[in-house]
Amino acid sequence: MKISFVGCKEDSINIFKDVAEKLSKKVSGLELNERFVPFLEDLPIVALEETEESDFIFVFVSTNEDQKSFILEKLVDVELKTGIRILKAIEIDDFSDLGEEEFFEQKDLLVEKYVDLIVNILFNEVEFEPEDKDFGL
């Protein structure tokens, strides 16, 4: 299985190496590829290029709220056009304002979150089944 990571040069955080390390321990025979774009608007173009040889795409970017909708819309277009699943991880950038300890804590939390999410999307979709509301009976 080949997974491509796509991110942006301007990000204030890079989780790909840590995600790759943890994913490799959970998924055997995994082939990974990383690509970084110079500008956010290039994310959909590179994601489209990566669909030609990848089984799954993980796009991670930290940006502002204004750009988030645009990027999501364009990545969904790529996903629908190609039929290749894209995990669209678009975080609001508040990492720049964190101190060193908080930064690494947040980074570790993101790594765990996305490793678990990728594994569940690929191998355990039952994890996403909704449960009825608990009325405390």
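Above this text is the structure in question.
Presented here is an overview of the structure given in this document.

1. Some details on the environment of Ala 47
Move 1: Mapped onto the elements of the fold, Ala 47 is located in helix H2 (residues 43-50).
Move 2: Taking the relative accessible area as the measure of exposure, Ala 47 reaches 0% and is therefore buried.
Move 3: Between the C-alpha atom of Ala 47 and that of Ser 4, which follows or precedes it by 43 residues, the distance is 8.3 Å.
Move 4: Ignoring anything within four residues of it in the chain, the contact list for Ala 47 reads Val 6, Ile 57, Val 59, Leu 75, Val 78 and Ile 86.

2. Some details on helix H4 (residues 100-123)
Owing to its 3.6 residues per turn, the α-helix aligns residues three or four sequence positions apart on the same side.
Move 1: Between the first and last C-alpha of H4 there are 34 Å, a value that for 24 residues agrees with the 34 Å anticipated at 1.5 Å per step.
Move 2: For H4, every residue scored as buried is listed here: Phe 103, Lys 107, Leu 110, Val 111, Tyr 114, Val 115, Ile 118, Val 119, Asn 120 and Ile 121.
Move 3: Those residues of H4 that are buried lie in contact with strand S1 (2-8), helix H1 (16-26), strand S3 (56-63) and strand S4 (85-92).

3. Brief notes about the pattern of salt bridges
Move 1: Counting across every chain of the model gives 12 salt bridges.
Move 2: Residue Lys 17 is joined to Glu 34 by a salt bridge in which the shortest nitrogen-to-oxygen separation is 3.9 Å. Placement of the pair is Lys 17 in helix H1 and Glu 34 in strand S2 (residues 31-37), with a sequence separation of 17 residues.
Move 3: Taking the relative accessible area as the measure of exposure, Lys 17 reaches 57% and is therefore exposed.
Move 4: Given a relative accessible area of 31%, Glu 34 falls into the partly exposed group.
Move 5: A salt bridge links Glu 21 to Lys 25; the nearest nitrogen and oxygen atoms lie 3.9 Å apart. On the criterion of helical spacing, the pair formed by Glu 21 and Lys 25 is a turn pair, its members being 4 residues apart in helix H1.
Move 6: We classify Glu 21 as partly exposed; its relative accessible area is 47%.
Move 7: When its relative accessible area of 68% is taken as the criterion, Lys 25 is described as exposed.
Move 8: What you see here is one network of salt bridges that share partners, running through Arg 35, Glu 49 and Glu 50.

So, how was this worked out
- Residues numbered from 1 in each chain as written.
- Predicted model: local features only at pLDDT ≥ 70, side-chain atom pairs only at ≥ 80, totals over all residues.
- Heavy atoms only, no water.
- Helix = DSSP H or I, 4+ residues; strand = E, 2+ residues; numbered from the N terminus.
- Buried < 20%, exposed > 50% of the residue type's maximum accessible area, 1.4 Å probe, protein only.
- Contact = heavy atoms within 4.5 Å.
- Expected span 1.5 Å × (residues − 1).
- Salt bridge = Lys/Arg side-chain N within 4 Å of Asp/Glu carboxyl O.

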